Amino acid sequence: MKDLYHPTIIRHSKSPSNFREDPPDDREVVTLEAYNPLCGDEFTLYLYMQGELIEKVQFSGYGCAVSKAMTSLLTERLEGKRILESKVLLSDLRKMLIDNGESPRTLLDEFVPFMEVRNYPERMTCVTLSIDALVDYFEPNKDRL
Amino acid sequence: MKDLYHPTIIRHSKSPSNFREDPPDDREVVTLEAYNPLCGDEFTLYLYMQGELIEKVQFSGYGCAVSKAMTSLLTERLEGKRILESKVLLSDLRKMLIDNGESPRTLLDEFVPFMEVRNYPERMTCVTLSIDALVDYFEPNKDRL
Amino acid sequence: MSVFNNYRIQLDARKLDGMLKLGKHIRKEFPIFQNAPHVYLDSAATSHKPQRVIDAVSRFYSTQYGSIHRALHTRSAEATRIYEMGRSRVEHFIGANKPSEIIFTGGTTESINQVAFGFAVPRIKEGGNIVISAMEHHANFLPWQRICTQYGLSLRRIPLTDAGEIDEVAASELIDENTLITALVQVSNVLGTVNDLNPIIAHAHSLQVPVLVDAAQSIGHMDVNVQALDCDFLAFSGHKMLGPTGVGVLYGKYTYLEQMEPWRFGGEMVLHAGLERSKFKEPPHRFEGGSPHSAGVAGLIAAIDFLEEAGVSNIQRYSDQLLSHMIDQLQAEEDVQILADPKQRSGLVSFVLKDIHPHDVASILGETNIAIRAGHHCAQPLLRDLGIPVTNRASIHCYNDEDDIEALMDGIRRVKSYFH
Amino acid sequence: MSVFNNYRIQLDARKLDGMLKLGKHIRKEFPIFQNAPHVYLDSAATSHKPQRVIDAVSRFYSTQYGSIHRALHTRSAEATRIYEMGRSRVEHFIGANKPSEIIFTGGTTESINQVAFGFAVPRIKEGGNIVISAMEHHANFLPWQRICTQYGLSLRRIPLTDAGEIDEVAASELIDENTLITALVQVSNVLGTVNDLNPIIAHAHSLQVPVLVDAAQSIGHMDVNVQALDCDFLAFSGHKMLGPTGVGVLYGKYTYLEQMEPWRFGGEMVLHAGLERSKFKEPPHRFEGGSPHSAGVAGLIAAIDFLEEAGVSNIQRYSDQLLSHMIDQLQAEEDVQILADPKQRSGLVSFVLKDIHPHDVASILGETNIAIRAGHHCAQPLLRDLGIPVTNRASIHCYNDEDDIEALMDGIRRVKSYFH
Ligand SMILES: Cc1ncc(COP(=O)(O)O)c(C=O)c1O
Ligand SMILES: Cc1ncc(COP(=O)(O)O)c(C=O)c1O
């Protein structure tokens, strides 16, 4: 289990990037709910969009170390990306974490510690919570696996 | 099991006393339904009453050898009895067959073969079917055990 | 329909020899036959269990036990893995499309009630009807009767042909645009008839009428494949397919499961329990409220293993021959009347002895440890149609053999000797 | 109510010594601890099974199996005898008046659904209400919510005191002449509170309101006696009382059972299945449609044997002390917050670690084979009231001992070391 609680995950869960206590006042911000009814984890993601560009991502809410660290890393990684790039990134991430883990098209080194979750299938939703909320937003018509 | 299918029982089931195919025309006759929904056995008892006196008992219907033989024997035994006597008889019979089998107040020798049913609890209702129908008629307010 | 028939298939003794792995051989794997020797011809009521099923249940409690879905510790993960594996095994066993089409229930009865109250009731419209057949078990009759009485629908019973099969022509008239659902048995537990449901299902589907198939008697006795059947719901019980008691299955096409409402409300079925309203999980979980019978599922997996290793089609061929043999013998016996004469029959036969009440037959056979069943077989409406209050029924499974039939016939002759 | 408390009972080490037959000693009878050693602190979700229970199930299948109630052969008679003996054993175990007040179900969830849909629904009148408490498990919340939504009744939740007990004063206001039924938990599966239900039941009865008690967490942990409680219905599950999965009990006062309608329709529950109407059997049989989980009842008998031999009051005393010890230790640990502070507590405690999500706690404990539970414990409305999405819960049974508590505390310290 030490493996799942990799220092990266602990670090991000203890001091997450782009975390805020309360929602922003900004009315333009895109607000996504990432709720896992199975465990009660609940994050709200705030996307500051500039046309096709994701200028900044922030989040608030409550969740376990794994889901919090993943959300934190995601906010870092998506900052400054275009929507198209983000879709590829998210899809690659899902492939790496859930599917066969085969060669992603993007560099996802910092997400490698999360691959450990494959040994803890009951924790998979912790990893996918925010990814799926973003996929649902960017590709509302796509059926998830 | 040979014990349950005592010659008396076989004999009465094959040629029951007071058996008739169809109900009597007599409108005065008291008609009792003895129906066991668990096994589908269904007899109709016909009591020819003369005041307190049971002049004659007949029956029709369908049932297993045990219930048929018991009903046959009952019709023989009740013929010519007064209601009061019949109540005692039926109550003694139930005691002998279901309860502890202790010394009945009436002579019930011909019913002794039915005592074997205690070894076949699943057949108990075959023995009590017609007895209970009669008890219900003579003592409608009495709770059976 | 005629109660008497001339059913007769030639027994091919060599073929029986070729399948010696079943019968006496396989019986060794069922400990009850060692511990309490008896001739068991009542598998249609419930089947015996191979050691492997018994062991699977014990092993589950002794080494793998934990709560299902509810916790994050290892014990629980292992138990959950087995439970969900059971879902996949059933999925493959009946040819479903995905594990989430498989709902674990307490048995056929519960499966049908879930469909009746969770699926049919919300679809009720005025002037609607529900179509069943005249040979349904109470489990596939009473829930529909209840609904029809309660909501003022008409319950239509498809009559039987003289041979004892569901009358296809009548079915195509009775199933119409106002039919909410049709619920039919695949193998009758009284007559043994294997109904050819495909044309009826095709007709129902042409009118968008969903069809539930009661597979309680067919499962494990023949290949039951929901794609081949093209049924919309399928219900069966573990205890009749060599599995544990208290566990059963409801299969449903996923699109229909999505429309079905829960019938039992409790833990593990909600996403969100609000004070005003609650939001339920996706199928199948929303139908599995409460702690599941996980040990039952563990045993069911072992039963499927066992059936697949023996080969359901082997069992079917073997038991078809044994049944023919039994019917031959019964036919040849004086004063024995066999019920129904269907084109295809599976696993059981009902009969009556002239002038001897079925309960006396079963009782006297029981004395020498021959177990058959006497009764209405939870099919009172059918027996009333036939004008017979009760019948004797002899039913077989993979562990029976010719000696059992011989014992039955000896027993029947003994019964007759008591009375004749 | 305050989430933080100062619950503290002095551990009497000598008394613990005096009950050495429980804990480590009795644990030997639970094979899972040999086969898969672990620290099990999740008995509130489901308990482990002593060898005797596992054997009873195996023995039933291996030597006593047959169908129940349905046939006249010996196999069946033996299985039926055991099944009905189970009814009598449960009757005596909970102090019912007669065996026919005991209905076998699939579990607490099914028991409560039966009462909700079979008893409460037929009694519905306009302007009626149903009263539960704020600490009910979903099993004792969702069925009532369903009914209230469907039929336009109001669902009243009795609030809790700051200590985490059902508020008696509020109860006496909420339960009124228009209350159809009151359904209350005896021991909360989240807070561990033992509710003193007697005064509330007395008040309800003064208004002729029947009361159902959810005994899922109390059964086997304390003497649950329906006469002493004077409840009208009682529901519990076998799997939480050292028994098999898939079997549970609904007790009902006979006069109420007579008024209750069946909720599941199938075989063995009707006297007469007519085409127009059917006549149901007397209680309890009319509520047990379908083939019963007879092996589950066989195992339940063994569980009752086991509990009675160990002595439920011994278990209660032992586990009260062990629980106090655990609470002491948790209190003494920095950054641990315990939920609720009831006068009487049984078998479990919920807690949270400062700034560490309960799932992380449970996961990391799981790594060293310590099983506790993290979640909403199927009590979302309660946790929402408390403002906590999820908690950690550690729960005990007769097989736990001080070493388990020590392992838990070590584990908690390790969890903290990861994060702090
Ligand atoms: C208080 C309480 N009520 C009801 C239940 C439901 O029991 P089951 O899931 O066995 O039906 C539980 C346990 O899950 C419980 O703790
Ligand atoms: C055809 C048929 N349907 C339904 C059932 C009911 O199955 P269960 O009692 O296992 O729920 C049975 C067996 O009893 C059956 O033979």
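Reading the values: the criteria
Residues numbered from 1 in each chain as written. Chains lettered and ligands numbered in written order. Predicted model: local features only at pLDDT ≥ 70, side-chain atom pairs only at ≥ 80, totals over all residues. Heavy atoms only, no water. Helix = DSSP H or I, 4+ residues; strand = E, 2+ residues; numbered from the N terminus. Rg over C-alpha atoms; globule rule 2.2 N^0.38 Å. Buried < 20%, exposed > 50% of the residue type's maximum accessible area, 1.4 Å probe, protein only. Contact = heavy atoms within 4.5 Å. Lys, Arg positive; Asp, Glu negative; His and termini not counted. Charge placed at Lys NZ, Arg CZ, Asp CG, Glu CD. Areas by Shrake-Rupley, 256 points an atom, 1.4 Å probe, with all protein chains shown as cover. Near = heavy atom within 4 Å. Polar contact = N/O pair within 3.5 Å; in protein donor to acceptor, adjacent residues only side chain to side chain. Nonpolar A, V, L, I, M, F, W, Y, C, P; charged D, E, K, R; others polar. Least-squares fit on C-alpha atoms with pLDDT ≥ 70 in both. Core = buried A, V, L, I, M, F, W, Y, C linked by side-chain atoms within 4.5 Å. Domains from an automatic or database assignment. Buried area = accessible area lost by both parts, 1.4 Å probe. Salt bridge = Lys/Arg side-chain N within 4 Å of Asp/Glu carboxyl O. pLDDT = per-residue confidence, 0-100. Pairing = 2+ DSSP bridges. Axes fitted to C-alpha atoms, helices over the stretch in contact; angles between N-to-C directions. Expected span 1.5 Å × (residues − 1).

Turning next to the overall build of chain A. The helix and strand inventory of chain A stands at 4 helices and 3 strands. Counting from the amino terminus, chain A carries its helices and strands in the arrangement α-β-β-β-α-α-α. Against the compact-globule benchmark of 15 Å for 145 residues, chain A has a radius of gyration of 14 Å, which places it among compact chains. For chain A, the spread of C-alpha atoms along the three principal axes comes to 40 × 30 × 25 Å. Residues classed as buried in chain A amount to 52% of the 145 residues present. Contacts in chain A between residues at least 24 apart in sequence constitute 59% of all its contacts with a sequence separation of at least 6. For chain A, the separation between the mean place of its 18 positive charges and that of its 25 negative charges on side chains is 3 Å.

All right, on to the overall build of chain C then. When helices and strands are tallied, chain C shows 16 helices and 15 strands. At 22 Å, chain C has a C-alpha radius of gyration in line with the 22 Å of a compact globule built from 420 residues. The principal-axis extent of the C-alpha atoms belonging to chain C is close to 70 × 55 × 35 Å. The proportion of buried residues among the 420 residues of chain C is 70%. Looking at chain C alone, contacts between residues at least 24 apart form 72% of all its contacts between residues at least 6 apart. Counting only carbon and sulfur atoms, one obtains 48% of the accessible surface of chain C, whose full area is about 13100 Å². Side chains of chain C carry 38 positive and 49 negative charges; the gap between the two charge centres is 5 Å.

Within the structure, ligand 2 sits among 15 residues, and T109(C), D214(C), S237(C), K240(C) and S291(D) are positioned closest to it. Residues near ligand 2 are shared among chains C and D, making this a multi-chain site. Measuring from an oxygen atom of ligand 2, one finds a side-chain N or O atom of Q217(C) at 2.8 Å. Against a free-state accessible area of 390 Å², the protein chains account for coverage of 98% of ligand 2. For the shell around ligand 2, the class distribution of residues is 3 nonpolar, 9 polar and 3 charged.

For the pair chain C and chain D, the superposition axis carries a translation of 0.0 Å, the fit reaches an RMSD of 0.0 Å, and the rotation angle comes to 180 degrees. In short, the pair behaves as if placed about a two-fold rotation axis. When each C-alpha of chain C is compared by its distance to the rotation axis, G246(C) comes out closest, at 3.1 Å. Looking at chain C, 100% of its interface residues are interface residues in chain D too, so the copies touch through the same face.

A separate point is the arrangement of the chains. In this assembly, 5 pairs of chains are in contact, and the pair with the greatest number of contacts comprises chains C and D. In this structure chain A stays clear of chain B, and the shortest span between their C-alpha atoms is 47 Å.

Among all residues except glycine, the phi angle is most often negative; among peptide bonds, the trans geometry is most common. Here the amide bond leading from P283(C) into P284(C) is cis, since omega sits at 5 degrees, within 30 degrees of zero. Along the chain, P284(C) falls in the loop between strand 10 (278-280) and helix 12 (294-310). In this model, Q208(D) sits at a positive phi of 60 degrees, which is unusual for a non-glycine residue. Among the structural elements, Q208(D) can be located in the loop between helix 9 (198-206) and strand 6 (211-214).

A few words now on the nonpolar core. Within the largest apolar cluster, 304 residues are counted, with the highest numbers of intra-cluster contacts made by I94(C), L234(C), I94(D) and L234(D). Other than its neighbours up to four places away in sequence, L234(D) contacts I94(D), V213(D), A215(D), V224(D), V226(D), L229(D), V249(D), L250(D) and Y251(D). I132(C), V270(C), V121(D) and A235(D) belong to the second-largest nonpolar core, a separate cluster that totals 66 residues.

What follows covers the domain arrangement of chain C. Residue and element names in this part refer to chain C. What the domain assignment reports for chain C is domain 1 (3-37 + 311-415) and domain 2 (55-308). Just the C-alpha atoms count here: the centres of domain 1 and domain 2 sit 28 Å apart. Across the boundary between the two partners, domain 1 contributes 32 residues, which contact 30 residues of domain 2. Taking both partners together, domain 1 and domain 2 bury about 2500 Å²; carbon and sulfur atoms supply 60% of that area. Counting the surface domain 1 buries against domain 2, the share from its top three residues, V312, S346 and L382, is 22%. Taken together, the connections running from domain 1 to domain 2 amount to 2 salt bridges. Its salt-bridge partner being E165, residue K343 comes within 3.3 Å of it at the nearest N-O pair.

The next point concerns the interface of chain C and chain D. A common way to report how large an interface is uses the accessible area buried once the components associate. The interface of chain C with chain D comprises 86 residues on the first partner and 87 residues on the second. When chain C packs against chain D, close to 6600 Å² is buried across both sides, 57% of that on carbon and sulfur atoms. Linking chain C to chain D there are 3 salt bridges. When the shortest N-O distance is used, the salt bridge between E268(C) and R373(D) registers 4.0 Å.

Contacts between chain A and chain C engage 5 residues on the former and 5 residues on the latter. On the chain A side of the interface with chain C, the three residues burying the most area are P37(A), L38(A) and E122(A), jointly 75% of the side's total. The interface formed by chain A and chain C includes 0 residue pairs in polar contact (both at pLDDT 80 or more). Class assignment for the residues of the side of chain A that touches chain C results in 3 nonpolar, no polar and 2 charged.

Here chain C averages 93 in pLDDT, and 94% of its residues register 70 or above. Ignoring residues within four places in sequence, the model shows residues 1-18 of chain C, a span with pLDDT below 50, making 43 contacts including any to other chains.

On to the pattern of salt bridges, then. Following the criterion strictly, the structure yields 51 salt bridges over all chains and no others. In this structure, K253(D) engages D232(D) in a salt bridge whose closest nitrogen and oxygen atoms are separated by 2.9 Å. With K253(D) in the loop between strand 8 (248-252) and helix 11 (254-259) and D232(D) in the loop between helix 10 (226-229) and strand 7 (233-237), this residue pair connects regions lying 21 residues apart in the sequence. Using a relative accessible area of 2% as the deciding quantity, one classes D232(D) as buried. Among the salt bridges present, the one from E333(D) reaches K416(D), with a minimum N-O distance of 2.7 Å. Linking E333(D) in the loop between helix 13 (312-332) and strand 11 (336-338) with K416(D) in helix 16 (residues 402-419), this pair joins segments that are 83 residues apart in sequence. Neither residue differs from the other here; E333(D) and K416(D) are each classed as buried. Each of the salt bridges in this network shares a partner with another, and the network as a whole consists of K24(C), R27(C), D401(C), D403(C) and D404(C).

Our next topic: the site of ligand 1. In the vicinity of ligand 1, 15 residues are found, and the nearest of them are S291(C), T109(D), D214(D), S237(D) and K240(D). Mapping the residues adjacent to ligand 1 onto the chains of the assembly identifies chains C and D. Interatomic distance of 3.1 Å between a side-chain N/O atom of H137(D) and an oxygen atom of ligand 1. Contact with the protein chains covers 98% of the free accessible surface of ligand 1, which is 390 Å².

The next subject is the sheet that holds strand 8 of chain D. All names here are of chain D. Strand order in the open sheet made by the 7 strands is 2-8-7-6-5-3-4, with mixed pairing throughout. Because the sheet does not close on itself, it has two edges, and the strands there are strand 2 (102-105) and strand 4 (154-158). Strand-to-strand, the axes of this sheet are offset by a mean angle of 20 degrees, without reference to chain direction. The pairing of strand 2 with strand 8 spans 4 bridges and is classified as antiparallel. Looking at strand 8, one finds that I103 is bridged to L250. Where helix 6 (residues 108-120) meets the sheet, its contacts fall on strand 2, strand 5 (179-185), strand 6, strand 7 and strand 8, and the angle it forms with strand 7 comes to roughly 150 degrees.

Residues and elements named next belong to chain C. If you trace the 7 strands from one edge of the open sheet to the other, you get 2-8-7-6-5-3-4, paired in mixed fashion. Of all the strands in the sheet, the pair left with one neighbour each is strand 2 (102-105) and strand 4 (154-158). If you compare each strand with its neighbour and ignore which way they point, the axes differ by 20 degrees on average. Here strand 3 (residues 129-133) runs beside strand 4; their pairing, made up of 5 bridges, is parallel.

Moving on to helix 2 (residues 65-78) of chain A. Residue and element names in this part refer to chain A. Counted at 1.5 Å a residue, the expected span for helix 2 with its 14 residues is 20 Å, and the 20 Å between its end C-alpha atoms agrees. Within helix 2, 13 of the 14 residues are buried, leaving the element largely enclosed by the surrounding structure. G80 lies just past helix 2 and shows a positive phi near 85 degrees.

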